[in-house]
Amino acid sequence: MKILAIGAHLDDIEIACGGTLAKAVENGHNVKVLIMSKSGYTNKDGAMQRSDEVAVLEGTKALQTLGIQDIEILDFPTKDIPWTSEAVTAIDICISDYNPDIIFTHHPFDTHQAHAGVSNSTISAARRKNTIFFYEPISPSGRSYVAFKPQLYVDISTTIEKKVASLREHKSEYNKFGGENWVQGVHARCGFRGYEIGTQYAEAFEVLRIEASFSKVFNL
Ligand SMILES: [Zn+2]
């Protein structure tokens, strides 16, 4: 199978569905990641918090920790990835070229404007695709007034350590997000989702739509 994960920033994929993608790679599936921005940013005073170069370097290493080699990084503004024809077309080109069986993207009610922009642009671009999942907003993704409804669970007990290791590759983000407290928070969410389905660790997804025949081959 060909799996495409689309994220606004370098780190979003690792936090939300890193365990699932690592497992897919281990199971012999093809995994491609499309990141919409080089992910550098400044604070409110204009001071550099993370350069594009550092974000791309750390993010690439983090994704490689998950076993992912096929990484495409676009150049939309980190904080302003829009739901416009420009973003939709960029995603559309990637989908047409790669022709994925499964698409993962942000939850449309994530409070980060760039995350919501990517989600909605993906929904528009993937209009001819039959199997699309939203990954769970996990801090530092914004909390939303619209609840995330877990509908698809993937047991990631065998890849939780790879996921955690990929988070630690984001060295320039690590301290800002709270260091090991952040890593433990993400780890705990996976433990909670695992507990809900009777495994050690899991990641949860909302289903936008899924092709019925597809569930037979979905051996994640
Ligand atoms: Zn993000």
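So, a few notes on the structure that sits alongside this text. The model shown is predicted, which means the values in this text are computed figures rather than measured ones.

1. A look at the nonpolar core
1) Next: Grouped together as the largest cluster of nonpolar side chains are 36 residues, with contacts concentrated most on Ile-13, Leu-21, Val-33, Phe-104, Trp-182 and Phe-205.
2) Next: Top element by residues in this core is helix 1 (residues 12–26). It accounts for 7 residues.
3) Next: Not counting residues within four places of it along the chain, the set of residues in contact with Val-33 comprises Ala-5, Ile-13, Leu-21, Leu-63, Ile-68, Asp-70, Ile-71 and Glu-72.
4) Next: Counting 20 residues, the second largest nonpolar core, distinct from the first, contains Ile-81, Ile-91, Val-118 and Ile-132.

2. Some details on the coordination of the zinc ion
1) Next: Taken together, His-9 (ND1), Asp-12 (OD), Asp-12 (OD) and His-115 (NE2) make up the protein donors of the zinc ion, found 2.0 to 2.5 Å from the metal.
2) Next: Coordination at the zinc ion is irregular, judged from the 4 donor atoms that bind it and the angles of 56 to 137 degrees they form at the metal.
3) Next: Binding-site remark: the zinc ion is held by donors from one chain whose sequence spacing is H-x2-D-x102-H.

3. With respect to unusual backbone geometry
1) Next: Pro-140 follows Ser-139 through a cis peptide bond whose omega is 15 degrees.
2) Next: Mapping Pro-140 onto the fold places it in the loop between strand 7 (132–135) and strand 8 (152–155).
3) Next: Of note in this structure, Ser-39 is not a glycine but carries a positive phi near 80 degrees.
4) Next: Within the fold, Ser-39 resides in the loop between strand 2 (30–35) and strand 3 (41–42).

4. Concerning the pairing of strand 7
1) Next: What you see with strand 7 is no split at all: Ile-132 and Phe-134 on one side and Phe-133 and Tyr-135 on the other are buried throughout.
2) Next: The sheet contact formed by strand 6 (residues 102–105) and strand 7 spans 3 bridges and is parallel. Bridge pairing links Ile-103 to Ile-132 in strand 7.
3) Next: Across 4 bridges, the pairing between strand 7 and strand 9 (residues 202–209) is antiparallel. Bridging from a neighbouring strand, Phe-133 pairs with Val-207 of strand 9.

5. Some remarks on the packing of aromatic side chains
1) Next: Applying the stated criterion across every chain, the model contains 3 aromatic pairs.
2) Next: Consider the rings of Phe-104 and Phe-205, whose centres lie 5.0 Å apart with planes at 50 degrees: the pair is tilted. One end of the pair, Phe-104, is in strand 6; the other, Phe-205, is in strand 9, with 101 residues separating them in the sequence. By the burial criterion, Phe-104 is buried, and Phe-205 matches it.
3) Next: Among the aromatic residues, those joined into a cluster by ring pairs are Phe-104, Phe-133 and Phe-205.
4) Next: Over the aromatic face of Tyr-98 sits the side chain of Lys-2, whose NZ or CZ is 5.0 Å from the ring centroid.

6. Overview of the sheet that holds strand 6
1) Next: Here 7 strands make up an open sheet; going across it, the order is 5-2-1-6-7-9-8 and the pairing mixed. The strands lining the two open edges of the sheet, one partner per strand, are strand 5 (70–73) and strand 8. When strand polarity is set aside, the average angle formed by the axes of neighbouring strands in this sheet is 25 degrees.
2) Next: As defined by bridge partners, strand 1 (residues 2–7) adjoins strand 2 across 6 bridges and the pair is classed as parallel. When the sheet's bridge partners are listed, Ile-3 is paired in strand 2 with Val-31.
3) Next: Across the face of the sheet, helix 7 (residues 180–197) comes into contact with strand 8 and strand 9 while running at roughly 75 degrees to strand 9.

7. Observations concerning the environment of Met-1
1) Next: Considering the arrangement of structural elements, one finds Met-1 in the segment before strand 1.
2) Next: Along the chain, Met-1 and Pro-100 lie 99 residues apart, while their C-alpha atoms are 7.6 Å from each other.

8. So, the packing of helix 1 against helix 5 (residues 160–168)
1) Next: Where helix 1 meets helix 5, the closest approach of the two axes is 8 Å, and the angle between their N-to-C directions is 130 degrees. With respect to helix 5, the element helix 1 is oriented oblique. You can see that helix 1 and helix 5 cross each other, and the crossing is right-handed. Each of Glu-14, Ile-15, Ala-16, Cys-17, Gly-18, Gly-19, Ala-22 and Glu-26 in helix 1 lies in contact with helix 5, whose residues at this interface are Lys-162, Lys-163, Ser-166 and Leu-167.
2) Next: Residue composition of the contact of helix 1 with helix 5, grouped by class: 5 nonpolar, 3 polar and 4 charged.

Scoring rules and cut-offs
- Residues numbered from 1 in each chain as written.
- Predicted model: local features only at pLDDT ≥ 70, side-chain atom pairs only at ≥ 80, totals over all residues.
- Heavy atoms only, no water.
- Core = buried A, V, L, I, M, F, W, Y, C linked by side-chain atoms within 4.5 Å.
- Buried < 20%, exposed > 50% of the residue type's maximum accessible area, 1.4 Å probe, protein only.
- Helix = DSSP H or I, 4+ residues; strand = E, 2+ residues; numbered from the N terminus.
- Contact = heavy atoms within 4.5 Å.
- Donors = N, O, S within 2.8 Å, 3.2 Å for Na, K, Ca; no water.
- Tetrahedral: all angles 85-135°; square planar, octahedral: opposite > 155°, others 65-115°.
- Pairing = 2+ DSSP bridges.
- Phe/Tyr/Trp six-rings, centres within 6.5 Å; stacked < 30°, edge-to-face > 60°.
- Lys NZ or Arg CZ within 6 Å of the ring centre and 35° of its normal.
- Axes fitted to C-alpha atoms, helices over the stretch in contact; angles between N-to-C directions.
- Parallel < 35°, antiparallel > 145°, perpendicular 65-115°, else oblique.
- Left-handed = near helix turned anticlockwise from the far one by under 90°.
- Nonpolar A, V, L, I, M, F, W, Y, C, P; charged D, E, K, R; others polar.

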